There are 2 protein chains.
Amino acid sequence: MKPKILVVDDEPEAVELLEFNLKQAGYAVSAAGDGAAALKKARAQTPDMVVLDVMLPEMDGFEVCKNLRLEPATSRVPILMLTAKAAEIDRVLGLELGADDYLTKPFSPRELLLRIKKILARGVSTEKPREQMRFGDLVIDLPRHLASWKGKTIELTATEFKLLTTLAQRAGRVQSRDQLLRDVWEYDSLIDTRTVDTHMRRLREKLGPASKHLDTVRGVGYRFME
Amino acid sequence: MKPKILVVDDEPEAVELLEFNLKQAGYAVSAAGDGAAALKKARAQTPDMVVLDVMLPEMDGFEVCKNLRLEPATSRVPILMLTAKAAEIDRVLGLELGADDYLTKPFSPRELLLRIKKILARGVSTEKPREQMRFGDLVIDLPRHLASWKGKTIELTATEFKLLTTLAQRAGRVQSRDQLLRDVWEYDSLIDTRTVDTHMRRLREKLGPASKHLDTVRGVGYRFME
DNA sequence: CATGGCCGTCACAGTTCCGTCACATTCTTG
DNA sequence: CAAGAATGTGACGGAACTGTGACGGCCATG
C-alpha cells in the first residue's frame, strides 16, 4: 500500500522534480499548483502527507497550512514545508501553523526522502484519538469523564475536563487561544480569548503537581507536554 | 482461508473503492447497498466482519447494527462503522449498539486496513450483554425484570428499570441526557431532556441507599459507579 | 365511569460554574 | 534599565445546571 503524497508548488519544474523523486521512492503522488487547488485536493484525497512550498501565488503556504489544520478531514495530515528563506523557519515550526518539518531550498532529493520517511514513520502510530491517555501518573479517561493523579481522582468541571483532553490529545503541539476556543467552547469567538487563561489557571490549580504538563508558550498559546 | 468482509454502503463508488482496497489486501469481500440486504447477506454468509456506513436509505446503520446484534447468528460479528459526523461517535461506541470501532469520513485506505487488521487480530468479540448484574448489595436481573437491594426487591416501573439497566450496563461511563433518551426512550426525540432528571430522581428515591451508585456529572450527564 | 398508577412537563430554588474585569507579575524589546 | 506587551491571579455578578415538588393527561383496570 503506497503512501499518498500531495505536492504543492507553483513552479512546474519543481513539481516535476519532486514527483519524479517521490514516485521513484515508491510513493503515490498528486500535485497542485496553487493554494486553492491544494486545499481542494487535500480534502478530496486525504493524502498521507503534504509537501508544501511557502511561496505560492495568491494564498501562500502559511495560509494553506492553517486551512489544512482547521478542517477535521485534514487537520492531522503531516505537513512538510519548503522554504527559501531561513528567516521563515521560526514561523513554520513553533507557531499555530504546526508544520511537522521543513526544508530550505535548495535541498537534495535524498534529504527530502529522509524527512518524509521519518515523518511518516511516526505518523502512523498517532493517528487515532485515544479514549484513555496516560502521562506518567496522570490518567485521563474520556468515556468515564475522569482524570486522576497517582490513582486519586481530580474533580474537574465539564469545561476544564474538555480543555485538558483537547490539549492532551494534541500533546506536544501548541494550541492558540483561538483554536482552543473553537475546539473546547465550540461556538465561534463570542468569547474573550482571555477566558482561556482563566480556565488554564483553574485547571492548573486542580491538577496540582500534574500541572507541570501544561506549558505556556508566550505569544502563541498553550501546550501539553508529556 | 481469507477472512470474509461484508461492506455496506449505498453509494456504489464508495463500495467499489472499499472492495478494491480490501481485495487488494487479501480479504474476501461481499457488498450490500441497503440495510435489508445487509442483514440478509450477513445471516446467509456469517462474515468475519462487517464494514457499515451509518448513512443508509430506509434503515440506517444504527438499526442494522442493532439487528445484527440481536440475532444469534450474527450477534458476535465485529462491526466497523463509517460515519461522516464526529458527533455520532458517542452513539456508535458507547451504547447498546456496541460497534467494535469506527472511522470518520473521509479516511485513508491505510487507516481502514489498520483498523480491520486490529479488530480481526483480537478474534471473536466476546462481549455480550450480561443478564444479571451485581454491584455489592444491588442485584439487577434483566430477564426477570427485577432489581433488589440486600435481597429485598425494589419495585420499579418499566421506564425506571430500563433507565437503571441502561446505566448499569455501561457502568463507569458517563451517559448524556440525549444518549439516555435515545437508549431508554427509544427514538423519541420529542421528549424534553429534563424528563431524564425527573426519572433519575424517582429512581434514586426508590433505590434508597443503593442510589449511591448513581452519579451526576454536571454539564455532561449521569453515570453508574460500581 | 371512576380510580389509581405512571409519565412528561413546568416552575422554582439552591448551587455551581463561567466569563469578565482590574490589577499584579513576568517577559521582551529597544 | 525602562516601557510595553503578554500572562498570572483574585474577585464578582450573572448565567446555567440540577434537584425537587406539583400538576394534568393518559391508560388500564375494576
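Residues numbered from 1 in each chain as written. Chains lettered and ligands numbered in written order. Predicted model: local features only at pLDDT ≥ 70, side-chain atom pairs only at ≥ 80, totals over all residues.

Participant: How would you summarise unusual backbone geometry if you had to cite specific residues and measurements?
Facilitator: All names here are of chain A. Here the phi dihedral of Glu-58 falls at roughly 65°; this positive angle occurs in a residue that is not glycine. Among the structural elements, Glu-58 can be located in the loop between strand E3 (49-53) and helix H3 (61-70). Located in the positive-phi region is His-145, a residue other than glycine, with phi close to 60°. By secondary structure assignment, the location of His-145 is in the loop between strand E7 (138-141) and strand E8 (146-149). (Helix = DSSP H or I, 4+ residues; strand = E, 2+ residues; numbered from the N terminus.)

Participant: I'd like a rundown of the protein's contact with DNA strand D, residues and numbers included.
Facilitator: Around DNA strand D sit 15 residues, and of these Asp-197, Arg-201 and Thr-216 of chain A together with Asp-197 and Thr-216 of chain B come closest. Broken down by secondary-structure element, the contributors of at least two residues to the surface near DNA strand D are helix H8 (194-207) of chain A together with helix H8 (194-207) of chain B. Of the residues forming the surface near DNA strand D, the biggest block, five residues, is contributed by H8 of chain A. Looking at the surface near DNA strand D, its residues break down into two nonpolar, six polar and seven charged. (Near = placed C-beta within 6 Å. Nonpolar A, V, L, I, M, F, W, Y, C, P; charged D, E, K, R; others polar.)

Participant: Mind laying out helix H7 (residues 177-184) of chain B, listing which residues take part and the relevant values?
Facilitator: Every buried residue of H7 of chain B is listed here: Gln-179, Leu-180, Leu-181, Asp-183 and Val-184 of chain B. Directly beyond the C-terminal end of H7 of chain B, a positive phi value near 60° is found at Glu-186 of chain B. (Buried ≥ 20, exposed ≤ 12 C-beta atoms within 10 Å, placed from the backbone.)

Participant: So, the sheet that holds strand E4 (residues 79-83) of chain A: which residues are in play, and what are the values?
Facilitator: Residue and element names in this part refer to chain A. Read from one edge to the other, the open sheet built from five strands follows the order E2-E1-E3-E4-E5, with strand pairing classed as parallel. Edge positions in the sheet fall to strand E2 (28-32) and strand E5 (101-104), since each of these pairs with one other strand and no more. Here the average twist between neighbouring strands, direction ignored, is 20°. Both E4 and E5 contribute to a ladder of four bridges, which runs parallel. (Pairing = 2+ DSSP bridges. Axes fitted to C-alpha atoms, helices over the stretch in contact; angles between N-to-C directions.)

Participant: Lay out the nonpolar core with the relevant residues and their values.
Facilitator: Of all hydrophobic cores here, the largest spans 31 residues; its most connected members are Val-8, Val-50, Val-51, Leu-52, Ile-79 and Leu-80 of chain B. When residues of this core are traced back to their parent elements, those giving at least two are strand E1 (4-8), helix H1 (12-24), strand E2 (28-32), helix H2 (35-45), strand E3 (49-53), helix H3 (61-70), strand E4 (79-83) and strand E5 (101-104) of chain B. Excluding residues within four positions of it along the chain, Val-51 of chain B makes contact with Ile-5, Val-7, Val-8, Leu-18, Leu-80 and Leu-82 of chain B. By size, the runner-up hydrophobic cluster in this structure holds 29 residues, among which are Ile-5, Ala-31, Val-54 and Val-64 of chain A. (Core = buried A, V, L, I, M, F, W, Y, C linked by C-beta atoms within 7 Å. Contact = placed C-beta atoms within 7 Å.)

Participant: Describe the protein's contact with DNA strand C, listing the residues and the values that go with them.
Facilitator: In the vicinity of DNA strand C there are 23 residues, among which Thr-159 and Asp-192 of chain A together with Thr-157, Thr-159 and Asp-192 of chain B approach most closely. Of all the elements in the fold, those that place two or more residues in the surface near DNA strand C are helix H6 (158-169) and H8 of chain A together with helix H6 (158-169) and H8 of chain B. Class assignment of the residues belonging to the surface near DNA strand C gives a composition of six nonpolar, nine polar and eight charged.

Participant: Which residues make up the sheet that holds strand E12 (residues 221-224) of chain B, and what values go with them?
Facilitator: Note on sheets: strands pair through backbone hydrogen bonds, and any given pair is parallel or antiparallel. All names here are of chain B. Pairing within the open sheet is antiparallel, and its three strands lie in the order E10-E12-E11. Every other strand in the sheet has two partners, leaving strand E10 (174-176) and strand E11 (214-217) as the edge strands with one partner each. On average, each strand axis in the sheet is inclined to that of its neighbour by 30°, with strand direction left out of account. With four bridges connecting them, E11 and E12 associate as antiparallel partners. Bridged to Val-217 within E12 is Gly-221. With respect to the sheet, H7 is in contact with E10 and E12, its orientation differing from that of E10 by roughly 80°.

Participant: Would you mind going over the confidence of the model for chain A in detail, with residue names and values included?
Facilitator: All names here are of chain A. A residue-level look at chain A finds 85% of positions with pLDDT of 70 or above and a mean pLDDT of 83. In the model of chain A, helix H4 (residues 89-92) stands out as the element of lowest mean pLDDT, 51, in contrast to H8, which has the highest, 97. A low-confidence stretch, residues 123-128 stays under pLDDT 50, and its non-local contacts, those more than four residues away or across chains, total three contacts. (pLDDT = per-residue confidence, 0-100.)

Participant: Quick one: what's the story with helix H2 (residues 35-45) of chain A, residue by residue and with numbers?
Facilitator: All names here are of chain A. When we look at burial in H2, the residues that qualify are Gly-35, Ala-38, Leu-39 and Ala-42. The buried residues of H2 occupy one face: seen down the axis, they fall within an arc of 95°. Facing away from the buried side of H2 by more than 90 degrees, the exposed set consists of Lys-40 and Ala-44. Phi turns positive one or two residues past the end of H2, at Thr-46, with a value near 45°. (Arc of directions from axis to C-beta.)

Participant: How would you summarise the pairing of strand E12 (residues 221-224) of chain A if you had to cite specific residues and measurements?
Facilitator: All names here are of chain A. In terms of strand pairing, strand E10 (residues 174-176) meets E12 through three bridges, oriented antiparallel. Bridge assignment links Ser-176 to a residue of E12, and that residue is Gly-221. Where strand E11 (residues 214-217) folds back onto E12 in an antiparallel hairpin, the turn is made up of three residues, including Gly-219, whose phi is positive at roughly 85°.

Participant: Describe the environment of Leu-203 of chain B, and please don't skip the residues or the numbers.
Facilitator: Residue and element names in this part refer to chain B. Within the fold, Leu-203 resides in helix H8. Leu-203 sits in the buried class, given 23 other C-beta atoms within 10 Å. Separated by 40 residues in the primary sequence, Leu-203 and Leu-163 have C-alpha atoms spaced 8.4 Å apart.

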